[in-house]
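# Structural overview for review
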Amino acid sequence: METEFSVSLNQAARRFGMSQRTLQRRLSAARTTFHAELSAAKLAMAKTLLSLGGRSITTIALELGFASVQHFSARFSAVHGESPRSWLRSRGELARLTDAE
């Protein structure tokens, strides 16, 4: 599964057929931002990829465009209340990782 999360505000606006400013206004009206929505999408995809197994936490972090596994773990923990490793462990899925980290 290939993931692509290096989309810019301009690229997203074009995909939705609107200007950057229109997209920003619509997101603002929904009380959110492009950055917040992109971050939420990355973390949702992270949970999916972790559940599927076959990839290390480091690989998932880098595939989703996080600068480091530490940054990914910090963001994941802030949103989900536990680290990616703890999240996997609590679901009995830790053995599905491709390599020990």
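Now for a look at the structure at hand. Small disclaimer: the values here were computed from a predicted structure and weren't measured. (Residues numbered from 1 in each chain as written. Predicted model: local features only at pLDDT ≥ 70, side-chain atom pairs only at ≥ 80, totals over all residues. Heavy atoms only, no water.)

In this structure, threonine 58 sits in helix H4 (residues 57–63). Counting along the chain gives 15 residues from threonine 58 to serine 73, while the straight-line C-alpha distance between them is 9.5 Å. (Helix = DSSP H or I, 4+ residues; strand = E, 2+ residues; numbered from the N terminus.)

Quick look at helix H5 (residues 69–80) now. The terminal C-alpha atoms of H5 lie 16 Å apart, and with twelve residues this matches the ideal 16 Å at 1.5 Å per residue to within 8%. Two residues or fewer past H5, glycine 81 is found with a positive phi of approximately 80°. (Expected span 1.5 Å × (residues − 1).)

A side chain of one charge can pair with a side chain of the opposite charge if their charged atoms are brought near each other. Per the counting criterion, the structure on display carries one salt bridge. Taking the shortest distance from any N to any O, the salt bridge between arginine 55 and glutamate 63 comes out at 2.8 Å. Arginine 55 gets classed as buried once you look at its relative accessible area, which sits at 14%. (Salt bridge = Lys/Arg side-chain N within 4 Å of Asp/Glu carboxyl O. Buried < 20%, exposed > 50% of the residue type's maximum accessible area, 1.4 Å probe, protein only.)

The phi torsion at arginine 31 lies on the positive side, around 60°, for a residue other than glycine. Classification of arginine 31 as exposed rests on a relative accessible area of 79%.

Summed over all chains, the structure comprises three aromatic pairs. Judged by centre distance (6.1 Å) and plane angle (75°), the rings of phenylalanine 76 and tryptophan 87 are edge-to-face. Pair noted here: phenylalanine 76 is in helix H5 and tryptophan 87 is in helix H6 (residues 84–90), with a separation of eleven residues, a long-range link. Take phenylalanine 76: its relative accessible area is 0%, and that puts it in the buried class. Put simply, the rings of Phe66, Phe72, Phe76 and Trp87 pair up and form one aromatic cluster. (Phe/Tyr/Trp six-rings, centres within 6.5 Å; stacked < 30°, edge-to-face > 60°.)

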